[in-house]
Amino acid sequence: MDEKNGFEISDVLLHALESAKSYGQRLEQKRERRLWKNIDMPCSLSAAINRLTKNEMDKIRKNLGLKNLSALKKGDLADELVRVIPAHFGQLFYRLDRGMCDLVRAAARNSGFVPSEGITTDQVASLMGYGLLFPGVYDRQRVLFLPAELADVFSRADGKELINVVRRNTRWVRLTHGMAYYYGVANTWFVQERIEQLTGNEVDFLELFDVVSIASDFYDQVRLSPYGLADTRVFDAEKVVAEQNKRPGVDYYPFSKRELLIAGEPGYIDRPPAMNRIIDYLSEHYSLTGEDLDEISFQLTGIINMEANPIEGVKYLLGMLEFSSFEVVQQLTDQFMDLHNNTRQWVLKGHTPNELFQEEKKHLRPLPAEPFKFVPKNAEVIDIKTRKKIGRNDPCPCGSGKKFKRCCGK
């Protein structure tokens, strides 16, 4: 009866999951149809704004910090946005990194639009949410377009000063993303201080916060949490911080500027030697694509950072691949444990377990005179100094003055 009920529950859950997936797909299709509508080029700011929903207009209003507009109805809000956005647009450029600024520049220099290839729907929504670029279909092609009024604003601002600020912002974003990648969660004040140390320049906290906020929306690599800047792979920022706080004597690993800039690139996957050994082994024994291997690397790194029990990584591999023998399973288990001990972990503030172990070994005290008193039955015990076998009635080598059988030989 229980087994039957178990099957019934599983069927219900499966049906619910399928329904949720189907509903999600329908919502995404509806969203796609709304975003990608035909446009005429050049397109005015008024035409671009009036294509939006009230919620989309409100997002622009909030992102640009426009005050006293929340009570306006859709039509009135659209008119007000068309009036005030150009005045705020020039300031917005100075909060962009190179990736976003290059998109706006490309549109401004290409009759107001740029193909949307390689840009996700979420990134399109992010750009639209700041009034930077808008989606549409022009000449049967999906494009991101810049209204004519805003293209003029950008062209006037695009110069040496903007290029230098954008270059600086790009370093800030990559360094922040790199710290979040390795630390999981990093206090915003710590991030500011570390960027100042690495760049040798003072950093305005509010300016940094604005730049990172826009980049977080677009790249979806970091999110703002009550505990600081968190990598989007972190499910429970509070738990990560709590684990970090259990090690007050451990400083954050001092990554170099170059290491953080590399880790901050979109799609970066850390590949320590132990990871490469697993990847090489899998490549040799299984027909896997480069994309498959990247996914496995990504998942294994995530499992190590999110699961306290290393066996979860082995379970993941067992679920992904078929193994011909127990020996193969044992080999991969050993390799995964090596990877676990040599992976930089959030809860260890970017250190690997092996690094902390080696550091602790340097500070270990000498072993006590009587470290262990367990001796296997019938085992031979050798005195380290004389290198001779110790008899049961001989003085115990620990120096207690008792016979061996009455002391460590019990």
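Residues numbered from 1 in each chain as written. Predicted model: local features only at pLDDT ≥ 70, side-chain atom pairs only at ≥ 80, totals over all residues. Heavy atoms only, no water.

**Considerations on the overall build of the protein**
A tally of helices and strands in the protein yields 17 helices and six strands. Expressed as a percentage of its 410 residues, the buried residues of the protein come to 42%. By sequence separation, contacts in the protein at least 24 residues apart represent 64% of the contacts at least 6 residues apart. A total of about 24100 Å² of accessible surface is found on the protein, and carbon and sulfur atoms cover 51% of it. (Helix = DSSP H or I, 4+ residues; strand = E, 2+ residues; numbered from the N terminus. Buried < 20%, exposed > 50% of the residue type's maximum accessible area, 1.4 Å probe, protein only. Contact = heavy atoms within 4.5 Å. Areas by Shrake-Rupley, 256 points an atom, 1.4 Å probe, with all protein chains shown as cover.)

**Examining the sheet that holds strand β2 (residues 134-138)**
Strand order in the open sheet formed by three strands is β1-β3-β2, and the pairing between neighbours is antiparallel. For this open sheet the edge positions go to β1 (113-115) and β2, each flanked by a neighbour on one side alone. Looking at each pair of strands side by side, their axes are set apart by 40° on average, direction ignored. Both β1 and strand β3 (residues 141-145) contribute to a ladder of three bridges, which runs antiparallel. Paired with F113 across the strands is F145, a residue of β3. (Pairing = 2+ DSSP bridges. Axes fitted to C-alpha atoms, helices over the stretch in contact; angles between N-to-C directions.)

**Digging into the pairing of strand β5 (residues 222-225)**
Strand direction decides the pairing type here: β5 and strand β6 (residues 228-231), joined by four bridges, are antiparallel. In the strand pairing of β6, L224 is matched with L229. Taken together, β5 and the strand that follows it, β6, pair antiparallel across an intervening segment of two residues.

**Notes on the packing of aromatic side chains**
In this description, a pair of aromatic rings is defined by centroid distance and the angle of the planes. On inspection of all chains with the given rule, the structure shows 15 aromatic pairs. Arranged with centres 5.3 Å apart and planes meeting at 70°, the rings of Y181 and Y268 form a pair that is edge-to-face. In this pair, Y181 sits in helix α8 (residues 160-183) while Y268 sits in the loop between α12 (257-263) and α13 (273-285), placing the two residues 87 residues apart along the sequence. Residue classification places Y268 among the partly exposed positions, given a relative accessible area of 23%. Where F218 meets Y219, the ring centres are 4.9 Å apart and the plane angle is 85°; that geometry is what we call edge-to-face. The pair F218 / Y219 is uniform in exposure class, with both members buried. Here the aromatic cluster, defined as three or more aromatic residues joined through ring pairs, consists of Y181, Y182, Y183, F190, Y252, Y253, F255 and Y268. A cation over a ring is seen here: R344 above Y253, with NZ or CZ 4.0 Å from the ring centre. Here K349 stacks its cationic end above the ring of Y252, 5.6 Å away from the centre of that ring. (Phe/Tyr/Trp six-rings, centres within 6.5 Å; stacked < 30°, edge-to-face > 60°. Lys NZ or Arg CZ within 6 Å of the ring centre and 35° of its normal.)

**So, the pattern of salt bridges**
Counted according to the given criterion, the structure contains 16 salt bridges. E80 is the partner of R83 in a salt bridge, and the nearest nitrogen-oxygen pair spans 2.4 Å. Residue R83 and its partner E80 are both found in helix α4 (residues 74-93); the two are separated by three residues, about one turn of the helix. Look at R83 and you get exposed, because its relative accessible area is 57%. (Salt bridge = Lys/Arg side-chain N within 4 Å of Asp/Glu carboxyl O.)

**Structural notes on the nonpolar core**
Judged by nonpolar contacts, the single largest core of 75 residues is most densely connected at I49 and F93. The biggest single contributor to this core is α8, with 10 residues. Residues within four places of F93 in sequence aside, it is in contact with V104, V153, F154, A157, L162 and V166. Formed by 20 residues, the second largest nonpolar core is a distinct cluster that contains I278, L293, V314 and L317. (Core = buried A, V, L, I, M, F, W, Y, C linked by side-chain atoms within 4.5 Å.)

**Some points on unusual backbone geometry**
Across the junction of M41 and P42, the peptide omega takes the value 0°, indicating a cis bond. Take P42: it is sitting in the loop between α1 (2-35) and α2 (45-50). Residue S111 is not a glycine yet carries a positive backbone phi of 60°. Look at S111 and you get exposed, because its relative accessible area is 59%. For D220, which is not a glycine, the phi torsion comes out positive at approximately 55°. The exposure class assigned to D220 is exposed, which follows from its relative accessible area of 51%.

**Brief notes about the side chain of H351**
Tracing the backbone shows H351 in the loop between α16 (326-341) and α17 (353-362). In this view, H351 contacts V250, D251, Y252, Y253, T343, R344, Q345 and L356; residues no more than four positions away in its chain are not counted.

**Side note on the environment of L318**
Structurally, L318 is set in helix α15 (residues 311-320). A relative accessible area of 40% means that L318 is categorised as partly exposed. Counting along the chain gives 14 residues from L318 to L332, while the straight-line C-alpha distance between them is 9.5 Å. In contact with L318, other than residues within four places in its own chain, are F323 and V329.

**Section: the confidence of the model for the protein**
Model confidence for the protein is summarised by a mean pLDDT of 84, while 82% of its residues fall at 70 or above. Between residues 1-7, whose pLDDT stays under 50, and residues either more than four places distant or in other chains, the model counts zero contacts. Every residue in residues 365-388 scores below 50 in pLDDT, and together they form 18 contacts with partners more than four places removed in sequence or on other chains. (pLDDT = per-residue confidence, 0-100.)

**Thoughts on the layout of surface pockets**
For the largest pocket, the calculated volume is near 450 Å³. Taken together, 22 residues line the largest pocket, and the ones lying closest to its centre are Y219, D220, Q221, T232 and G267. Of all the secondary-structure elements, those providing two or more residues to the lining of the largest pocket are α6 (121-129), α8, α10 (205-219) and α14 (290-306). When grouped by side-chain class, the residues that make up the lining of the largest pocket number eight nonpolar, six polar and eight charged. (1 Å grid on protein atoms, 1.4 Å probe; cavity = no way out; pocket = protein on both sides within 12 Å on 5 of 7 lines; lining within 4 Å. Points joined across faces, edges and corners; volume = space filled by probe spheres on them. Nonpolar A, V, L, I, M, F, W, Y, C, P; charged D, E, K, R; others polar.)

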